[in-house]
Amino acid sequence: MILCFLCCIACTVISFKFRHTELIEEKVKPVSLAEYSKQLKGAIKFFVKSDRIKLLILLNALFLGLTLGIVNLRSSMLSEMYVPEAYFGIIFAILQLSAAITARNSEKIHKTFRNKTLTYLTLPVTLSCMVVGFVGTDTLSKSSLLVIVFMFLIQYAIKGPYRALMSRYINNFTNRNIRPKLTALNYLLSNLLTAGISLSCSWLLSITTTANTFMIIGCVTTIIAVLLLDYMRGKVGLKPEQYSKEDLKYSTYKPKKKA
């Protein structure tokens, strides 16, 4: 609690040091609340009409909702495996380190998998929850514990590059005016889904074990992720000229005129 409090103070102090470059150099007037609300409504309309943006934000909300919603489940699972609390900090420090290392290689991951990047990043996380639930039923097995920690490692390793790449995909073909509103809408949906998954996990823990909760959450999110990824075919990862006018409404891309 003391370390978290010190980190919050440090982040607050640092945040006051930031200045908006555009407002300083171009002397742009700050947007009023009424104007911002109007722009946010425009972003919502864009979200509804653009298949690309809608699918990306929904998939991102599912992924973030899952990874944030199972945070406490991981600790609960380790407790049920009789892991001493003294080792929790070491385990989660290693997990966070893996996320930092893989995040630096997000560009390599994008170039390797190209249009299938989101598939290779999303499904391993949802499937890993199912694996944790399956092997977690044997709470006295050391091999099961090793598999569970490895699954947690996969989840953290994917979380790092996923956030960087998803932010890039959502902001593609958008201008600087719409990006903040899309970001706000993205986090709004993600937080709502996180709350929903967290409440579902709490309810499931009241009637069953942590392993079964992992299994149920993993199965449900895998089904939803597969449906979203399948629907994305032909709608996401295309060349600029292949998107509809609605998808490029806020884009700086200028299609070439036919001769």
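This text goes with the structure placed above it.
Residues numbered from 1 in each chain as written. Predicted model: local features only at pLDDT ≥ 70, side-chain atom pairs only at ≥ 80, totals over all residues. Heavy atoms only, no water.

Peer 1: Would you mind going over the pattern of salt bridges in detail, with residue names and values included?
Peer 2: Tallied over the entire structure, the rule returns three salt bridges. Put simply, lysine 54 and aspartate 51 hold a salt bridge, and the shortest N to O gap is 3.8 Å. Here the residue lysine 54 and the residue aspartate 51 both occupy positions in helix H4 (residues 51-69), the gap between them amounting to three residues, near one helical turn. Taking relative accessible area as the criterion, lysine 54 reaches 25% and is therefore assigned partly exposed. Salt-bridge contacts for arginine 168 lead to glutamate 107; the nearest nitrogen and oxygen are separated by 2.6 Å. With arginine 168 in helix H9 (residues 142-171) and glutamate 107 in helix H7 (residues 106-113), this pair connects stretches of sequence that are 61 residues apart. Classification of glutamate 107 by relative accessible area gives partly exposed; the value is 33%. (Salt bridge = Lys/Arg side-chain N within 4 Å of Asp/Glu carboxyl O. Helix = DSSP H or I, 4+ residues; strand = E, 2+ residues; numbered from the N terminus. Buried < 20%, exposed > 50% of the residue type's maximum accessible area, 1.4 Å probe, protein only.)

Peer 1: Any details on unusual backbone geometry? Residues and values, ideally.
Peer 2: Only a minority of non-glycine residues have a phi that is not negative, and only a minority of peptide bonds are not trans. Even without being a glycine, tyrosine 82 presents a positive backbone phi close to 60°. Along the chain, the position of tyrosine 82 falls in the loop between helix H5 (71-80) and helix H6 (88-103). Overall, tyrosine 82 belongs to the exposed group, its relative accessible area being 60%. With a phi close to 50°, arginine 114 is a non-glycine residue in the positive phi region.

Peer 1: So, the layout of surface pockets: which residues are in play, and what are the values?
Peer 2: The space that makes up the largest pocket amounts to roughly 640 Å³. Along its surface, the largest pocket is lined by 24 residues, and Arg114, Asn115, Lys116, Val236 and Gly237 are the ones closest to its centre. Within the residue set of the lining of the largest pocket, elements represented by two or more residues are H4, helix H8 (117-135), H9 and helix H11 (210-232). Among the elements that make up the lining of the largest pocket, the one with the highest residue count is H11 (four residues). (1 Å grid on protein atoms, 1.4 Å probe; cavity = no way out; pocket = protein on both sides within 12 Å on 5 of 7 lines; lining within 4 Å. Points joined across faces, edges and corners; volume = space filled by probe spheres on them.)

Peer 1: With reference to specific residues and values, describe H11.
Peer 2: In this model, H11 (23 residues) spans 32 Å end to end at C-alpha, consistent with the 33 Å of a helix rising 1.5 Å per residue. Buried within H11 we find Thr210, Ala211, Thr213, Phe214, Ile217, Gly218, Thr221, Thr222, Ala225, Leu228, Leu229 and Met232. For H11, the elements touching its buried residues are H4, H5, H8, H9 and helix H10 (179-207). (Expected span 1.5 Å × (residues − 1). Contact = heavy atoms within 4.5 Å.)

Peer 1: Describe in detail the environment of alanine 43, supporting the description with residues and values.
Peer 2: On the secondary structure map, alanine 43 appears in helix H3 (residues 33-49). Between the C-alpha atom of alanine 43 and that of arginine 179, which follows or precedes it by 136 residues, the distance is 8.9 Å.

Peer 1: Account for the packing of H5 against H9, with residues named and values stated.
Peer 2: Axis separation between H5 and H9 bottoms out at 11 Å; the angle between their running directions is 165°. Classified by the interaxial angle, the pair formed by H5 and H9 is roughly antiparallel. Viewed along their axes, H5 and H9 form a crossing whose handedness is left-handed. Seen from H5, the contacting residues are Arg74, Met77 and Leu78; seen from H9, they are Leu145, Ile148, Val149, Phe152, Gln155 and Tyr156. Tallied by class, residues from the contact of H5 with H9 come to seven nonpolar, one polar and one charged. (Axes fitted to C-alpha atoms, helices over the stretch in contact; angles between N-to-C directions. Parallel < 35°, antiparallel > 145°, perpendicular 65-115°, else oblique. Left-handed = near helix turned anticlockwise from the far one by under 90°. Nonpolar A, V, L, I, M, F, W, Y, C, P; charged D, E, K, R; others polar.)

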